[in-house]
Amino acid sequence: MNFNERLSGYITEIEDALKGYLPSQDCLYGDVIKAMSYSLLDAGKRLRPVLTLEFCRVCSGDYKNAMPFACALEMIHTYSLIHDDLPCLDNDDMRRGKPSCHKAFGEDMALLAGDSLLNLAFETALRDTADIPGAHLAAYTLAKASGIGGMIGGQVIGVQSEGKRIPMETLRKMHSQKTGALILAAAEMGCILGGNNEKDLAAAREYAVNLGIAFQIVDDILDVVGDQQLLGKPIGSDAANEKSTYVTLLGLEKAREYADLYTAKALDALEYFGEKADFMRELTKMLLKRNH
Ligand code: GRG
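Residues numbered from 1 in each chain as written. Predicted model: local features only at pLDDT ≥ 70, side-chain atom pairs only at ≥ 80, totals over all residues. Heavy atoms only, no water.

### What to know about the overall build of the protein chain
Inference 1: Check the secondary structure of the protein chain and you find 16 helices and two strands.
Inference 2: Taken over the C-alpha trace, the protein chain has a radius of gyration of 18 Å; the compact-globule value for 292 residues is 19 Å, and the two agree within 12%.
Inference 3: By principal-axis analysis of the C-alpha atoms, the protein chain measures approximately 50 × 45 × 35 Å.
Inference 4: Expressed as a percentage of the 292 residues in the protein chain, the buried residues total 54%.
Inference 5: Accessible surface for the protein chain amounts to roughly 13200 Å². Of this, 53% is attributable to carbon and sulfur atoms. (Helix = DSSP H or I, 4+ residues; strand = E, 2+ residues; numbered from the N terminus. Rg over C-alpha atoms; globule rule 2.2 N^0.38 Å. Buried < 20%, exposed > 50% of the residue type's maximum accessible area, 1.4 Å probe, protein only. Areas by Shrake-Rupley, 256 points an atom, 1.4 Å probe, with all protein chains shown as cover.)

In structure tokens:
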């Protein structure tokens, strides 16, 4: 199977599983489940769940054991996007090529859909997984990464930094939490569920930290020079919200060099896994060249 076939195979399995984890809409609070489903089952890249499944496989585990955790992670990522688009945060009208959740369902339902996805994530990670080795540690890893010491803390630094020119050190810290923490957790959970070998974990962490930086730099570049149609959201949102980004601090050319540099560091970390990491190598290169 070539890279594209494996990637679309993973995405199909993830999306089928996500559908299965959503509760029925046939109830008095069906409106919020429609809003959850609208945002969860759309055109996301599914990067984080793919990383979890693939790290589990590379570490010699059965990737199917990692599916509830991979889906939980995608639910948390989706909740963060719904809340991030709200008028009190980024106030973005479009997401993944369609009206953002609050534009389609109203602010009240969007807020509640985000909250519900966060809780559904932990129901999913904990419901039928007690017999899977590493399940407890994987769920803890996810909780920590998405909480105040991880993604939410990064978001707080971001909110406090709006309208200011922040030093590179603060920008790095913000993104290592806001974007990096979930990417790191994706890799860590895969390794934990794949056998929890210390050396595997160390190499996976080195990979994920560098991938997270490269991913965010490309995200910042696309917000300036991307194609709105392909991105599925308007460009220039960072400038409109007066955000410091890798592009505003480094300039476009240097930002591109940094994206190459951190991608190279991520690829170096994969050397430890030998040819078992070939799929991840392709994925890493694809993310650097992505247009959305
Ligand atoms: C609790 C009110 C409240 C808000 C929380 C935590 C949070 C808001 C927002 C998280 C921060 C955030 C949106 C970070 C951006 C990370 C990022 C680069 C997202 C885009 O990821 P992709 O490109 O998206 O993987 P797709 O659409 O492909 O899944």
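There is more to say, and it comes next.
### Remarks on the site of the ligand
Inference 1: Around the ligand lies a shell of 18 residues, among which Lys45, Arg48, His77, Arg96 and Gln155 are the nearest.
Inference 2: Here an oxygen atom of the ligand sits 2.7 Å away from a polar atom, N or O, in the side chain of Arg48.
Inference 3: His77 has a polar side-chain atom sitting 2.7 Å from an oxygen atom of the ligand.
Inference 4: In the complex, the protein chains occlude 86% of the 750 Å² of accessible area that the ligand would expose alone. (Near = heavy atom within 4 Å. Polar contact = N/O pair within 3.5 Å; in protein donor to acceptor, adjacent residues only side chain to side chain.)

### With respect to the side chain of Gln155
Inference 1: By the secondary structure assignment, Gln155 is in helix 8 (residues 151–161).
Inference 2: Each residue touching Gln155, except ones within four places of it in the same chain, is listed here: Asp84, Leu89 and Lys178. (Contact = heavy atoms within 4.5 Å.)

### Overview of helix 16 (residues 278–288)
Inference 1: Listed as buried for helix 16 are Phe279, Met280, Arg281, Leu283, Thr284, Leu287 and Leu288.
Inference 2: Looking at the packing, one finds that the buried side of helix 16 touches helix 1 (3–21), helix 3 (47–58), helix 11 (198–225) and helix 15 (252–270).

### Overview of helix 3
Inference 1: The end-to-end C-alpha distance of helix 3, which contains twelve residues, comes to 16 Å, matching closely the 16 Å that a straight helix rising 1.5 Å per residue would cover.
Inference 2: For helix 3, the buried fraction is high: eleven of the twelve residues fall into the buried class.
Inference 3: If you check which residues of helix 3 are buried, you get Leu47, Arg48, Pro49, Val50, Leu51, Thr52, Leu53, Glu54, Phe55, Cys56 and Val58.
Inference 4: In the core, the buried residues of helix 3 are packed alongside helix 1, helix 4 (67–85), helix 10 (180–193), helix 11 and helix 16.
Inference 5: Just beyond helix 3, the residue with positive phi is Ser60, at close to 70°. (Expected span 1.5 Å × (residues − 1).)

### Regarding the packing of aromatic side chains
Inference 1: Using the criterion set out here, one finds eight aromatic pairs in the structure.
Inference 2: With a centroid separation of 5.1 Å and 75° between ring planes, the pair formed by Tyr38 and Phe105 is classed as edge-to-face. Remark: Phe105 occurs in helix 5 (residues 101–105) and Tyr38 occurs in helix 2 (residues 30–40); sequence separation between them is 67 residues.
Inference 3: Phe105 sits in the partly exposed class, given a relative accessible area of 27%. (Phe/Tyr/Trp six-rings, centres within 6.5 Å; stacked < 30°, edge-to-face > 60°.)

### Some remarks on unusual backbone geometry
Inference 1: At Arg96, a residue that is not glycine, the phi angle is positive and equals roughly 50°.
Inference 2: Overall, the relative accessible area of 16% leaves Arg96 in the buried class.
Inference 3: Non-glycine residue Asn196 carries a positive phi angle of around 60°.
Inference 4: With respect to the helices and strands, Asn196 occurs in the loop between helix 10 and helix 11.

### Quick word on the side chain of Thr263
Inference 1: Among the secondary structure elements, Thr263 is positioned in helix 15.
Inference 2: Owing to a relative accessible area of 5%, Thr263 belongs among the buried residues under this scheme.
Inference 3: Those residues in contact with Thr263, other than ones at most four positions away along the chain, are Ala214, Thr284 and Leu288.

### Things to note about the pattern of salt bridges
Inference 1: Under the definition given, this model contains 17 salt bridges.
Inference 2: Ionic pairing is found between Glu257 and Lys254, a salt bridge with its closest N-O pair at 3.2 Å. Highlighted residues: Glu257 and Lys254, both in helix 15, separated by three residues, approximately one helical turn.
Inference 3: Where Arg281 meets Asp278, a salt bridge forms, and the shortest distance between an N and an O atom there is 2.7 Å. One end of the pair, Arg281, and the other, Asp278, are both in helix 16, three residues apart, so they sit about a helical turn from each other.
Inference 4: Judged by its relative accessible area of 40%, Asp278 falls in the partly exposed class. (Salt bridge = Lys/Arg side-chain N within 4 Å of Asp/Glu carboxyl O.)

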